[in-house]
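The lines below spell out each chain.
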Amino acid sequence: MRFKGRSAIITGGGTGIGEATALLLARNGARVLVAGRREEKLKEVCGKEEGLSIEYKVCDVSVQSDCAATVETALSEHGRIDILFNNAGIIFSGPSHEVETDRFQQMFDINVKGAFMMCKYAIPHMISAGRGFIVNNSSVLGLKGFAGLSTYSASKGALVQLTRSMALEYADKGLRVNAVCPGGVWTPMFDSYLERAEDADAAQEFMESLHPMGRLADPYEIAEAVLFLCDEKVMFNTGSMLSIDGGIIAK
Ligand SMILES: NC(=O)c1ccc[n+]([C@@H]2O[C@H](COP(=O)([O-])OP(=O)(O)OC[C@H]3O[C@@H](n4cnc5c(N)ncnc54)[C@H](OP(=O)(O)O)[C@@H]3O)[C@@H](O)[C@H]2O)c1
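What you are looking at is a predicted structure, and each value in this text was computed from that prediction instead of being measured. (Residues numbered from 1 in each chain as written. Predicted model: local features only at pLDDT ≥ 70, side-chain atom pairs only at ≥ 80, totals over all residues. Heavy atoms only, no water.)

(A) Inspection of the packing of aromatic side chains at higher detail. Per the stated rule, a full pass over the model turns up three aromatic pairs. Consider the rings of Trp186 and Phe190, whose centres lie 5.3 Å apart with planes at 80°: the pair is edge-to-face. Their ring planes at 45° and their centres at 5.8 Å tell us that Phe190 and Tyr193 sit as a pair that is tilted. Here Phe190 pairs with Tyr193, and both are found in helix 6 (residues 188-196), just three residues apart, close to one helical turn. Exposure remark for Phe190: the relative accessible area of 8% places this residue in the buried category. You can call Tyr193 buried: its relative accessible area is 19%. Put simply, the rings of Trp186, Phe190 and Tyr193 touch in pairs and so form one group of aromatic residues. (Phe/Tyr/Trp six-rings, centres within 6.5 Å; stacked < 30°, edge-to-face > 60°. Helix = DSSP H or I, 4+ residues; strand = E, 2+ residues; numbered from the N terminus. Buried < 20%, exposed > 50% of the residue type's maximum accessible area, 1.4 Å probe, protein only.)

Dropping the structure here:
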């Protein structure tokens, strides 16, 4: 119960990595607020295991008032915010010249501006408390380019720099701002990527082969890394990009 009494907000907490992190934090004693657009997915997570403290807030992170309301909900329910996991994200693929400008904008509104706005509203409360842990879910593609995923990669790269700069801004105020950079993870996002592929088996084999470990990650392998970055025993760590990628970045 190493997170007993701690309050956490997880955007995109209704599925995939966000869901795994919500369950893991709650199993370790945290009071968790999961946020996302689909209420049914959020409700499912809240009801998944008895005895856990998980509540939900419907929130589109690209909408400023939704971000403000989510932070207010966590404060009114829990009286504090210790952890913010900016995990909500979308992906789409295609060569750059075929990407619609509106789609590019949507990617940045959700993957980058959403994380920025959640931080904007949560940080004043963390500063008042003299501590807080922010983890952004970037990607190995925030550190490396990848043909066909330029827009996604650019948004995740922006998140890397947002993480580093915010880490510097609040290092002396008790805040720790870090990012996880996962490789391929078995989540609905990855499933939908395979569904769109011409040959799903070949696409899976190709993606697995990119990882020196020869496989993709389970969402709980990323969730464990998020908990590590929010552990009070790891207080000297800020502005770091924790690659959980089966060895891709080492190549
Ligand atoms: N799977 C991978 O291989 C992989 C690798 C590296 C990084 N990541 C990152 O990990 C994060 C989680 O993705 P995942 O793999 O767990 O896939 P996922 O299951 O599709 O999760 C994405 C979550 O983001 C939420 N979301 C999307 N747009 C939103 C918005 N506007 N406002 C609020 N929530 C929104 C979705 O819920 P709603 O649709 O209900 O809003 C969903 O719960 C993403 O940022 C992704 O880029 C994934």
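(B) The packing of helix 4 (residues 101-129) against helix 5 (residues 150-170), seen in detail. For the pair helix 4 and helix 5, the least separation of the axes is 9 Å and the interaxial angle reads 15°. If you check the angle between helix 4 and helix 5, you find them roughly parallel. As for the relative orientation of helix 4 and helix 5, their crossing is right-handed in sense. Counting all contacts with helix 4, which are made through Phe104, Met107, Phe108, Asn111, Val112, Ala115, Phe116, Cys119, Ile123 and Ile127, the residues of helix 5 involved are Thr151, Tyr152, Ala154, Ser155, Lys156, Ala158, Leu159, Leu162, Met166 and Tyr170. Looking at the contact of helix 4 with helix 5 residue by residue, the class counts come to 16 nonpolar, three polar and one charged. (Axes fitted to C-alpha atoms, helices over the stretch in contact; angles between N-to-C directions. Parallel < 35°, antiparallel > 145°, perpendicular 65-115°, else oblique. Left-handed = near helix turned anticlockwise from the far one by under 90°. Contact = heavy atoms within 4.5 Å. Nonpolar A, V, L, I, M, F, W, Y, C, P; charged D, E, K, R; others polar.)

(C) How the structure looks around the nonpolar core. Membership of the largest hydrophobic core comes to 38 residues, with the highest contact counts inside it found for Ile81 and Leu84. Secondary structure elements with two or more residues in this core: strand 2 (31-36), helix 3 (64-78), helix 4, helix 5 and strand 6 (175-182). Element by element, the count of residues in this core is highest for helix 4, at nine residues. With residues near it in sequence (within four places) discarded, Ile81 still touches Ser7, Ile9, Val71, Ala74, Leu75, Ala122 and Met126. Ranked by size, the runner-up nonpolar core spans 31 residues in total, among them Ala26, Val45, Phe133 and Ala225. (Core = buried A, V, L, I, M, F, W, Y, C linked by side-chain atoms within 4.5 Å.)

(D) Structural context of the pattern of salt bridges. Summed over the entire model, instances satisfying the criterion amount to ten salt bridges. The shortest N-O distance in the salt bridge between Glu232 and Arg131 comes to 2.5 Å. With a gap of 101 residues between them, Glu232 in the loop between helix 8 (219-229) and strand 7 (241-244) and Arg131 in the loop between helix 4 and strand 5 (132-137) connect regions that are remote in the sequence. Residue Glu232 is classed as partly exposed on the basis of its relative accessible area, which comes to 38%. Of the charged contacts in the structure, one is a salt bridge between Lys173 and Asp172, with a shortest N-O distance of 3.3 Å. Judged by its relative accessible area of 35%, Lys173 falls in the partly exposed class. For Asp172, a relative accessible area of 63% gives the class exposed. Within the structure, one salt-bridge network assembled from shared partners comprises Arg6, Arg80, Asp82, Arg131 and Glu232. (Salt bridge = Lys/Arg side-chain N within 4 Å of Asp/Glu carboxyl O.)

(E) Inspection of the site of the ligand at higher detail. Taken together, 28 residues lie near the ligand, and Thr15, Arg37, Tyr152, Val185 and Thr187 sit nearest. Here Thr15 contributes a side-chain N or O atom positioned 2.7 Å from an oxygen atom of the ligand. Val185 is positioned such that a nitrogen or oxygen atom in its backbone is 2.8 Å from an oxygen atom of the ligand. For the ligand, whose accessible area on its own is 860 Å², the fraction buried by protein is 94%. Of all elements in the fold, only helix 1 (16-27), helix 5 and helix 6 reach the threshold of two or more residues within the shell around the ligand. (Near = heavy atom within 4 Å. Polar contact = N/O pair within 3.5 Å; in protein donor to acceptor, adjacent residues only side chain to side chain. Areas by Shrake-Rupley, 256 points an atom, 1.4 Å probe, with all protein chains shown as cover.)

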